[in-house]
Amino acid sequence: MAGVVVVGAGQAAATLVARLRSKGYEGDVTLIGEEPALPYQRPPLSKAYLLGDMELERLYLRPESYYAEQDITLRTGLRVDGIDRSGKTVIAGDELIAYDKLVLCTGSHPRRLPAAIGGALDGVFEVRTLADVDAMAPRFTEGAKVLIVGGGYIGLEAAAVASKLGLEVTLVEAADRILQRVASPETSAYFRALHMGHGVDLREGVGLARIIGETAVTGAELADGTMLDVDFVIVGVGILPASGLAESAGLDIENGIKVNAQGQTSDPHIWAAGDCASFPGAAGQMRLESVGNAIDMAELVADNIMGAGRSYEAKPWFWSDQYDIKLQIAGLSTGYDRVVVRNGGSGALSHWYFAGDRLLALDAMNDSRAYMVGKRLIEGGKSPSPEAVADPETDLKALLKA
Ligand code: FAD
């Protein structure tokens, strides 16, 4: 055997093995994933799938037959416990699996609430895996009381689904505002109003003190002393890169599994891609937690395993669906000093992030036109004038030609 062994069978891993085959890689390819399911996409887990609007089959990235057709050995339900770098094998239960090249696509883990404040009670859920969502879905019944802890995208998407299905939703965010880590006050205000308009009891600047219950959730106490009656709790307080396997194998770790611009770890036979991997950015090793990054890094690593010698150029993009709003994000807003609001008419709105005259990023709400133009500008290193962006009369496409 040997050949390429990929640990993890999520977005990055599935993309990587497909890329290897489509580029003509003829060696053995083995994909090992801890979860029992075929490789699947996670974004619908907090959107259409949770709402009951999407069949399980549509979550899968490829049908099962694809892997056999492409001569890819898919081992699901198998956890890799260790890496023997000198022997070039991975250890999975009592099996040793040899590799020439190893790729770590282990993703990330949700942060959990400590058991000391009720995090281990029955009725406390995270939103990371298909199993998590299948376990919580039966609780989404009309009138049920759900507490959502964390006002990031996952918490907000879960709140939107719960509210649509007629649950009583309370969302608490310990920071001063929802989306504080990732978006401007303007974008936070937009989504605050959206959720409150749908009846979500949204509380910012107040954390959770504890979840109450003997064995199962019955309530919660907030940091300001408020007591809530609660049937179940969804925790969306961020993720941590799954770098434990790499760390115990002695690979360099820095904000996740440290890779160079080619996607290679500190061991030249081992590569990493997706949520678990940090790559060199302007301000040190950076990590992105998105489908776009998982796909782009996986393709880069596949190409480089085949000798392309390409360097990674991150082109960040992201989306979120809440109620009837599609949010599309391009670029990274870190370091912005100004937000320009553009009203695209008919409910379309976009927030453009500038640092001085330089366009860094944009958030487009039901405005795919602004998103497409902004994304192309950012990726092309072009910056329109903030005044032109703000002017609703400006033809966006003309900005691309300027
Ligand atoms: P994953 O897809 O997480 O795959 C990693 C896999 O590795 C897992 O199945 C894990 O079980 C397995 N694994 C880990 N360790 C081992 C081991 N030792 N042995 C075997 N297997 C192992 N991104 C967007 O761009 N837009 C969105 O709208 C969006 N929505 C999201 C909604 C939800 C609910 C979630 C959870 C994520 C969302 N994301 C979204 C993020 C996106 O899904 C991730 O960035 C992407 O899945 C990362 O791909 P990955 O392959 O790195 O990791």
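Structure's up top.
Q: Honestly, helix H6 (residues 153-164) in this entry has me stumped. Any pointers?
A: Owing to its 3.6 residues per turn, the α-helix aligns residues three or four sequence positions apart on the same side. Its twelve residues place the ends of H6 16 Å apart at the C-alpha level, agreeing with the 16 Å of an ideal helix rising 1.5 Å per residue. Among the twelve residues of H6, ten are classified as buried, and the element is accordingly described as predominantly covered. Once H6 finishes, Gly-166 follows within two positions and takes phi at roughly 85°, a positive value.

Q: So what exactly am I meant to see when it comes to the site of the ligand here?
A: Close contacts around the ligand come from 32 residues, with Ala-12, Glu-35, Lys-47, Arg-128 and Asp-275 the closest. One of the side-chain N or O atoms of Asp-275 is found 2.7 Å from an oxygen atom in the ligand. In this structure, an oxygen atom belonging to the ligand sits 2.9 Å away from a main-chain N or O atom of Trp-319. In the complex, 95% of the free accessible area of the ligand, which totals 990 Å², lies under the protein chains. Mapped onto the shell around the ligand, the elements with two or more residues apiece are helix H1 (11-22), helix H9 (291-305) and strand E22 (317-322). Of the residues in the shell around the ligand, the class split is 15 nonpolar, nine polar and eight charged.

Q: I tried to follow the sheet that holds strand E13 (residues 208-212) on my own but got confused; where do I start?
A: What links the strands of a sheet is backbone hydrogen bonding, and the strands pair in either a parallel or an antiparallel sense. Reading across the sheet, the three strands line up as E13-E14-E15 and stay open at both edges, with antiparallel pairing between neighbours. The sheet terminates laterally at E13 and strand E15 (227-229), the two strands that pair on one side only. This sheet shows a mean twist of 20° between the axes of neighbouring strands, independent of strand direction. Bridge count for strand E14 (residues 219-222) against E15 is three bridges, and the pairing is antiparallel. Its bridge partner lying in E15, Ala-220 is registered against Leu-228.

Q: Where do I start with the layout of surface pockets in this structure?
A: It is a probe the size of a water molecule, rolled over the atoms, that shows where empty space is left. Computed from the structure, the second largest pocket encloses a volume of approximately 200 Å³. Lining the second largest pocket are 17 residues, and of these Ser-46, Lys-47, Ala-48, Leu-51 and Asp-321 lie nearest its centre. Taken together, the elements giving at least two residues each to the lining of the second largest pocket come down to helix H2 (48-51), H6 and E22. Counting residues per element, the lining of the second largest pocket draws most heavily on H6, at four residues. Taken together, the residues of the lining of the second largest pocket break down into eight nonpolar, three polar and six charged.

Q: Which parts of the structure should I look at to understand the sheet that holds strand E9 (residues 124-126)?
A: Within the open sheet, the five strands sit side by side as E9-E16-E10-E11-E12. Their pairing is parallel. Either end of the sheet is taken by a strand with one partner, and the two such strands are E9 and strand E12 (201-204). Averaged over all neighbouring strand pairs, the angle between strand axes comes to 20°, with direction disregarded. Along the sheet, H6 makes contact with strand E10 (145-149), strand E11 (168-173) and strand E16 (232-235), crossing E11 at roughly 165°.

Q: Teacher, can you tell me more about the nonpolar core here?
A: The nonpolar side chains of a soluble globular protein tend to be buried, and buried together. Counting residues in hydrophobic clusters, the biggest one holds 52 residues, and the most contacted among them are Val-6, Ile-83, Val-90, Leu-102, Val-103 and Leu-104. Membership of the second largest hydrophobic core comes to 47 residues, among which are Ile-178, Leu-179, Phe-232 and Ala-361.

The rules behind each value
- Residues numbered from 1 in each chain as written.
- Predicted model: local features only at pLDDT ≥ 70, side-chain atom pairs only at ≥ 80, totals over all residues.
- Heavy atoms only, no water.
- Helix = DSSP H or I, 4+ residues; strand = E, 2+ residues; numbered from the N terminus.
- Expected span 1.5 Å × (residues − 1).
- Buried < 20%, exposed > 50% of the residue type's maximum accessible area, 1.4 Å probe, protein only.
- Near = heavy atom within 4 Å.
- Polar contact = N/O pair within 3.5 Å; in protein donor to acceptor, adjacent residues only side chain to side chain.
- Areas by Shrake-Rupley, 256 points an atom, 1.4 Å probe, with all protein chains shown as cover.
- Nonpolar A, V, L, I, M, F, W, Y, C, P; charged D, E, K, R; others polar.
- Pairing = 2+ DSSP bridges.
- Axes fitted to C-alpha atoms, helices over the stretch in contact; angles between N-to-C directions.
- 1 Å grid on protein atoms, 1.4 Å probe; cavity = no way out; pocket = protein on both sides within 12 Å on 5 of 7 lines; lining within 4 Å.
- Points joined across faces, edges and corners; volume = space filled by probe spheres on them.
- Contact = heavy atoms within 4.5 Å.
- Core = buried A, V, L, I, M, F, W, Y, C linked by side-chain atoms within 4.5 Å.

Geometric values such as these leave the question of function open.
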